[in-house]
Amino acid sequence: HLLQLNTGRAGKAAFVDDHGTLSYGDLDERVRRMAAALRALGLRREERVLLLMLDGNDWPVSFLGAIYAGLVPVAVNTLLNADDYAYMLEHSRAQAVLVSGALLPTLSAAMVKSDHEVGKVIVSQPIAPLHADEVEFEAFVAAQPALAKPAATGPDDPGFWLYSSGSTGRPKGTVHSQANPYWTCELYGKGVLALKDSDVCFSAAKLYFAYGLGNALSFPLSVGATTLLMAERPTPDAVFKRWTGGVKPTVFYGAPTGFAGMLASPQLPAREQVALRLVSSAGEALPAEIGERFKRHFGVDIVDGIGSTEMLHIFLSNQPGKVRYGSTGWPVPGYDIELRGDDGQRVPDGEPGDLYIRGPSAAMMYWGNRAKTRETFQGGWTKSGDKYIRNTDGSYTYGGRSDDMLKVSGIYVSPFEV
């Protein structure tokens, strides 16, 4: 679907990373070659492929190529350790791994620890000589003619996994359907953000997060926009370098902690140095003071919202031209919101309740975790684990997190976004 939408944009830049530009025409060709190469390994429909890669032009080729072949990419956090990856290899039963060269040593350590099923490791930008069961990414893609047509998948077939992790217990393999990205694009990327083909999108949240996957892959591709990809961590200086570079982003997606760091930096660019027209925030509640300071400096509102790995993207949000700082905004059209008390009944306005969401982008299940699946996905509703208060104007104010937090490098963060 995403490739067909852009058949008339062959010469336009789809992705730009630190190594070069990938046009829409080249993206189409490389995705279909990747699909053919994965099929040539003997991989069968719905088998999993682990995707452990830094953000760059090879990431969308890998992710979309696996889906085009009817395989199920399992996109994982690049900041985890060998024990985590050993578990994910065993849990997903991944038959192959697509990995960045810089992350290959950690993957290799994980494979020593795990009882895995991996037959081939495809390495993007290797930094050391490869072993017999490893192949360089470019050679792998070039080895097969492009697959003529995609696998005949349906909207309810499994499309990909994302891991939603907690402070206790093992990470949960969240299975999303083929149709779920379509719904997030239509309802939020187009319906709320109103992205355009002239936009240049840049996301601090990486592609392996649900938030980043929409921001930097499905949303821009759904409208024919261009995406800047950055492998390094989104420090203020790294973000400013892209904001003021040769291909200036018009749309930026970040998180409140990141915006606070930017506003405190002596290197904060002047308004006239950037081309921002739209700024999005998620991952934690945005303090009103941060949004107001950002608006005063750049003349652009931060559009705050909340999403989750389980719902794939944002379902409750402020809107461009309709921002109430201090609140998370209003339900995204296409999603229903309920706040419930401990007795399961709806609570009145002004009282805190557990947030439940109903919408077409909900995940199918947690793989191999029936108890947690039943607890979270309840008769068409998804329990988010957040506490909220509904205001009299229909907006919602965050009241605290009641379940999962993920510890990354000593800092607890939302599973939705760093």
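See the structure printed just above.
Because the structure is predicted, anything quoted here is derived from the model rather than measured. Along each chain, residue indices are assigned from 1 in the same order as the chain's sequence is written. It should be noted that, the model being predicted, local features are given only for residues of pLDDT at least 70 and side-chain atom pairs only at 80 or more, the latter also being counted only at that level, while totals for whole chains, interfaces and linings use all residues. To obtain the side-chain values, all non-hydrogen atoms of the structure were used and water was disregarded.

**So, the overall build of the protein**
For clarity, the threshold we go by: Strands are runs of DSSP state E lasting at least 2 residues, helices are runs of H or I lasting at least 4, and numbering of each runs from the N terminus. Just to be clear, the radius of gyration here is over C-alpha atoms, and the globule rule we use is 2.2 Å times residues to the power 0.38. For each residue, the accessible area found with a 1.4 Å probe, counting protein chains only, is set against the maximum for its type, and the residue is called buried under 20%, exposed over 50%, and partly exposed in between. Whether two residues are in contact is decided by their heavy atoms: any pair within 4.5 Å suffices. Note on areas: Shrake-Rupley, 1.4 Å probe, and residue coverage restricted to the protein chains presented here. Positive charges come from Lys and Arg alone, negative charges from Asp and Glu alone, with His and the N- and C-terminal ends not counted. For this purpose, a charge sits on NZ of Lys, CZ of Arg, CG of Asp or CD of Glu.
Per the secondary structure count, the protein includes 12 helices and 24 strands. By the compact-globule yardstick of 22 Å for 418 residues, the protein fits well, its C-alpha radius of gyration being 21 Å. Scored against the burial criterion, the 418 residues of the protein give a buried share of 56%. Across the protein, contacts joining residues at least 24 apart in sequence account for 68% of those joining residues at least 6 apart. With the model as given, the accessible surface of the protein reaches about 16,600 Å², and the carbon-plus-sulfur share is 50%. Distance from the positive charge centre (40 side chains) to the negative charge centre (45 side chains) of the protein: 2 Å.

**Regarding the packing of aromatic side chains**
Our working definition: Pairing of aromatic side chains here covers Phe, Tyr and the six-membered ring of Trp, requires ring centres within 6.5 Å, and sorts the geometry by plane angle: under 30 degrees stacked, over 60 edge-to-face, intermediate tilted.
Following the criterion strictly, the structure yields 18 aromatic pairs and no others. Centroid distance Trp-161 to Tyr-163: 6.2 Å. Interplanar angle 70°. Geometry classified as edge-to-face. Using a relative accessible area of 1% as the deciding quantity, one classes Trp-161 as buried. The exposure class of Tyr-163 is buried, given its relative accessible area of 11%. Aromatic side chains Trp-243 and Phe-252 sit 5.1 Å apart centroid to centroid with 85° between the ring planes, which places their arrangement in the edge-to-face category. Exposure class is identical for Trp-243 and Phe-252. Each is buried.

**With respect to the sheet that holds strand 19 (residues 365-366)**
Across a sheet, strands are paired by hydrogen bonds formed along the backbone, either parallel or antiparallel in direction. Operational definition: Each pair of strands is called paired provided DSSP finds at least two bridges between the two strands.
With mixed pairing, the eight strands of this open sheet are ordered in space as 7-6-5-3-4-8-9-19. In this open sheet, the two strands that pair with only one neighbour each are strand 7 (134-136) and strand 19. Direction of pairing for strand 4 (residues 72-75) relative to strand 8 (residues 158-164): parallel, over a ladder of two bridges. Bridge pairing in strand 8 links Val-74 to Trp-161.

**Observations concerning the nonpolar core**
Keep this limit in mind: As used in this record, nonpolar core signifies buried Ala, Val, Leu, Ile, Met, Phe, Trp, Tyr and Cys residues forming a set joined through side-chain atoms within 4.5 Å.
Core analysis: the biggest nonpolar cluster contains 46 residues, and Leu-27, Trp-59, Phe-63 and Leu-217 have the highest contact counts within it. Excluding its chain neighbours within four sequence positions, the residues that come into contact with Leu-217 are Leu-2, Phe-15, Trp-59, Pro-60, Phe-63, Leu-64, Leu-207 and Gly-212.

**Remarks on helix 4 (residues 82-92)**
Applicable threshold: N or O atoms within 3.5 Å of each other form a polar contact, as long as, within protein, one can give a hydrogen and the other can take it, and as long as residues adjacent in sequence are counted only when both atoms are side-chain atoms.
Extensive coverage of helix 4 is indicated by the burial of eight of its 11 residues. When we look at burial in helix 4, the residues that qualify are Ala-82, Tyr-85, Ala-86, Tyr-87, Met-88, Leu-89, His-91 and Ser-92. Elements that come into contact with the buried residues of helix 4 comprise strand 3 (48-52), strand 4, strand 5 (96-100), helix 5 (104-113), strand 8 and strand 9 (172-177). Regarding helix 4, its N-cap is Asn-81, as a side-chain oxygen of that residue lies 3.1 Å from the backbone nitrogen of Asp-83 further along. At the exit of helix 4 stands Arg-93, carrying a positive phi of roughly 55°.

**What to know about the environment of Asp-301**
Its location among the elements puts Asp-301 in the loop between helix 11 (288-298) and strand 14 (302-307). Residue classification places Asp-301 among the partly exposed residues on the basis of a relative accessible area of 21%. In the structure, Asp-301 is positioned 260 residues away from Leu-41 in sequence and 48 Å away in space, judged by C-alpha atoms. If we skip the residues at most four places from it in the chain, Asp-301 touches Val-279, Lys-295, Val-323 and Tyr-325. Here the side chain of Asp-301 touches Lys-295 through a polar contact of 3.4 Å, side chain to side chain.

**Some remarks on the side chain of His-176**
With respect to the helices and strands, the residue His-176 is situated in strand 9. At a separation of 2.9 Å, a polar atom in the side chain of His-176 contacts the side chain of Asn-180. Among the polar contacts made by the side chain of His-176, one reaches the main-chain carbonyl oxygen of Thr-309 at a distance of 2.7 Å.

**Quick look at the packing of helix 7 (residues 180-190) against helix 8 (residues 210-223)**
Applied cut-off: In this description, a line fitted to the C-alpha atoms serves as the axis of each element, helices being fitted only across the stretch in contact, and the angle between N-to-C directions of two axes falls anywhere from 0 to 180 degrees. Relative orientations are named as follows: roughly parallel for angles under 35 degrees, roughly antiparallel for angles over 145 degrees, roughly perpendicular for angles from 65 to 115 degrees, and oblique for any other angle. We call Asp, Glu, Lys and Arg charged. Ala, Val, Leu, Ile, Met, Phe, Trp, Tyr, Cys and Pro are nonpolar, and the rest, Gly among them, are polar.
Running from N to C, helix 7 and helix 8 point in directions that differ by 70°, and their axes come no closer than 9 Å. It follows that helix 7 is roughly perpendicular to helix 8 by the angle criterion. Only Ser-218, Phe-219, Ser-222 and Val-223 of helix 8 make contact with helix 7, whose side of the interface consists of Pro-181, Thr-184, Cys-185, Tyr-188, Gly-189 and Lys-190. Broken down by class, the residue content of the contact of helix 7 with helix 8 amounts to five nonpolar, four polar and one charged.

**Brief notes about the pairing of strand 5**
For the record, the criterion: A right-handed crossover is one whose linking path, passing over the helix from the first strand to the second, runs clockwise when the strands point away from the viewer.
Counted residue by residue, strand 5 has five buried out of five residues, so it is predominantly covered. Neither face of strand 5 is open: one carries Ala-96, Leu-98 and Ser-100, the other Val-97 and Val-99, and all of them are buried. Two elements, strand 3 and strand 5, share four bridges in a ladder whose sense is parallel. Across the sheet, residue Leu-51 finds its bridge partner in strand 5, namely Leu-98. Sheet topology places strand 5 next to strand 6 (residues 120-124); five bridges connect them, and they run parallel. Residue pairing for strand 6: Ser-100 is matched across the bridge by Ser-124. Note on the crossover from strand 5 through helix 5 to strand 6: the handedness is right-handed.

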